[in-house]
Amino acid sequence: MKPPVFALLVCAVLLAVSGALANEQKNWKDKPDVYAELGKAPEKARNRANPLAHDPEAAAAGRLLFEDHCAECHGHNAGGGKKGPSLRAPEVQNAPSGAIFWLLTNGVVRKGMPVWSRLPEPQRWQLVRYLKSLGIAEASPPATEASSKP
Amino acid sequence: MRLVRCSSFALGLLFLTFGTSIRSSSAQESPYFVTYDHYLEEPRNLEVEYFSTFGTQRGGNNFHSYWTEFEYGATAWWTTEFYLDAQTTFHDSTVFSGFKWENRFRPLQHEHWINPIIYVEYEDINGTDKTLKDIVGHDVEAEFLEPNAETRREHKREVELKLILSSTVKGWNISENIISEKNLSNEPWEFGYALGVSRPLSLKASAKRCSFCRQNFVAGVEMYGGLGDRYSFGLKDTAHYLAPAVAWNLPSGWTLRLSPGFGLNDNSHQFLLRWGVSREINDFGGMVRRLLGAKS
């Protein structure tokens, strides 16, 4: 097989496979346990306090980081997007900062959320500070037993 | 030859035009050219990258090799990438070297002290390849002396496996790549390594959007080289390089990289200057799906 033909074949297979995989990633609204991962944060991680909680610029910096890295999936006002759930749901807003930081660091790789440890630790805390500053939005999906852990 | 050069320019132009009219976000790319860390492409995003290497050649003509990468995040645990390589040897010719298809898989769900990534690559290239991106076995400077007219007749189909180990501690990324490569004809397994250390100049983000903020710059250093083959494993007759590197992640979504590299022994090219430009296209997979009529 000639290289250009092989290359085209490879591209076609890749597009088909990735399309199929993307199709499997259902809309987050169809997943009742979308926030369950927050409850899996280890106790030590949950108890970590945000070192930038009182930094006056942390939320503003976090907003820019959110726009750059998170808004694509979670929506520009964090109210949920095509790929990611609302981060203004009570499950997130009432979760400890340490649990959100842990989730950002580890991602939910099997469910499509990448790890964000690429961002230095202070930037992840700035993101957490921004998310916490948003507060609970009125419209959010119903809480489930698994996701209603503190 | 002119056709290849024109095609490269056309591809570059297309990339620039296309890249400026689509959604993208500020990337957070590492400065590495050779070493891989454990961060994969975000799902459904496509990163288009152009890289160049200028290399000196003792006893022969200097060269400029260049390649384009299309890196796609199939899932959060699988990134697939397609390369097209070409090179110009001064006072000789410009030739298309071939293509590579690589896949990186993340086996573990969570972050650990050391994060492994499995890398599998298939290469279909000719002997003119001078990207010096995968230095393995006894790849030494003297092998690059032959004119393109001769080396282009050599056809190589190779499989490359890498174990990528990477850690991020207090803003520092430390990556180690253990490389093995097998020419699918009757040749032995060859081995190599790549090491990289990098860190953003500032760990905190600025509260204002800015191009020249320290957090946008990531500086580091890479070291890479060959480790012989199955029958002669070790440092004898191998080439090694040390290369400081810097990446500038612009708020517009573009990333620029620069890396001067220095050969560490007489088997190495004395100087390699690498540079690159890349841009991430958000939700490329979704765009393709919508193009094909699927609901997003």
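Rules of the game
- Residues numbered from 1 in each chain as written.
- Chains lettered and ligands numbered in written order.
- Predicted model: local features only at pLDDT ≥ 70, side-chain atom pairs only at ≥ 80, totals over all residues.
- Helix = DSSP H or I, 4+ residues; strand = E, 2+ residues; numbered from the N terminus.
- Buried ≥ 20, exposed ≤ 12 C-beta atoms within 10 Å, placed from the backbone.
- Contact = placed C-beta atoms within 7 Å.
- Pairing = 2+ DSSP bridges.
- Axes fitted to C-alpha atoms, helices over the stretch in contact; angles between N-to-C directions.
- Nonpolar A, V, L, I, M, F, W, Y, C, P; charged D, E, K, R; others polar.
- Core = buried A, V, L, I, M, F, W, Y, C linked by C-beta atoms within 7 Å.
- pLDDT = per-residue confidence, 0-100.

## Details of the overall build of chain B
When helices and strands are tallied, chain B shows three helices and 12 strands. The 296 residues of chain B split such that 43% are buried. Looking at chain B alone, contacts between residues at least 24 apart form 64% of all its contacts between residues at least 6 apart.

## A few points about the sheet that holds strand E5 (residues 115–126) of chain B
Residues and elements named next belong to chain B. Taken together, 12 strands build a closed barrel; the order of strands is E1-E2-E3-E4-E5-E6-E7-E8-E9-E10-E11-E12 and the barrel is antiparallel. For this sheet, the mean inter-axis angle between neighbouring strands, taken without regard to orientation, is 20°. The pairing of strand E9 (residues 217–229) with strand E10 (residues 240–249) spans nine bridges and is classified as antiparallel. Note that in E10 the partner of Met223 across the bridge is Leu242.

## A look at helix H6 (residues 97–106) of chain A
All names here are of chain A. Judged by how many residues are buried, H6 sits mostly within the fold: nine of 10 residues are covered. What H6 keeps buried is the set Ser97, Gly98, Ala99, Ile100, Phe101, Trp102, Leu103, Leu104 and Asn106. The inward-facing, buried residues of H6 abut helix H2 (43–46), helix H5 (90–93) and helix H7 (121–134). One or two positions beyond H6, positive phi appears at Gly107, with a value near 65°.

## Some points on the interface of chain B and chain A
With 39 residues of chain B at the contact, the number on the chain A side is 38 residues. Put simply, the parts of the chain that give the side of chain B that touches chain A at least two residues each are strand E2 (63–75), strand E3 (78–89), strand E4 (94–105) and helix H3 (284–291) of chain B. Per-element tally for the side of chain B that touches chain A: the top contributor is H3(B), with four residues. Looking at side-chain class alone, the side of chain B that touches chain A contains 15 nonpolar, 15 polar and nine charged residues.

## A look at the nonpolar core
The nonpolar side chains of a soluble globular protein tend to be buried, and buried together. Core analysis: the largest hydrophobic core is formed by 37 residues, its most contacted members being Leu38(A), Val92(A), Ala99(A), Ile100(A), Leu103(A), Leu127(A) and Leu131(A). Contributing elements (two or more residues each) for this core: helix H3 (58–69), H6 and H7 of chain A. Among all residues touching Ala99(A), those that are not within four sequence positions of it are Leu38(A), Ala41(A), Ala45(A) and Arg46(A). Ranked by size, the runner-up nonpolar core spans 21 residues in total, among them Val34(B), Val95(B), Ala194(B) and Ala239(B).

## What to know about the confidence of the model for chain A
Chain-level statistics for chain A give a pLDDT mean of 82 and a share of 71% at 70 or above. This stretch, residues 142–150 of chain A, has a pLDDT under 50; its non-local contacts, to residues over four places away or in other chains, come to 17 contacts.

## Description of the environment of His91(B)
All names here are of chain B. Locating His91 in the fold gives a position in the loop between E3 and E4. Residue His91 is classed as exposed on the basis of its 8 C-beta neighbours within 10 Å. Remark: the alpha-carbon pair of His91 and Thr80, spanning 11 residues in sequence, is separated by 36 Å.

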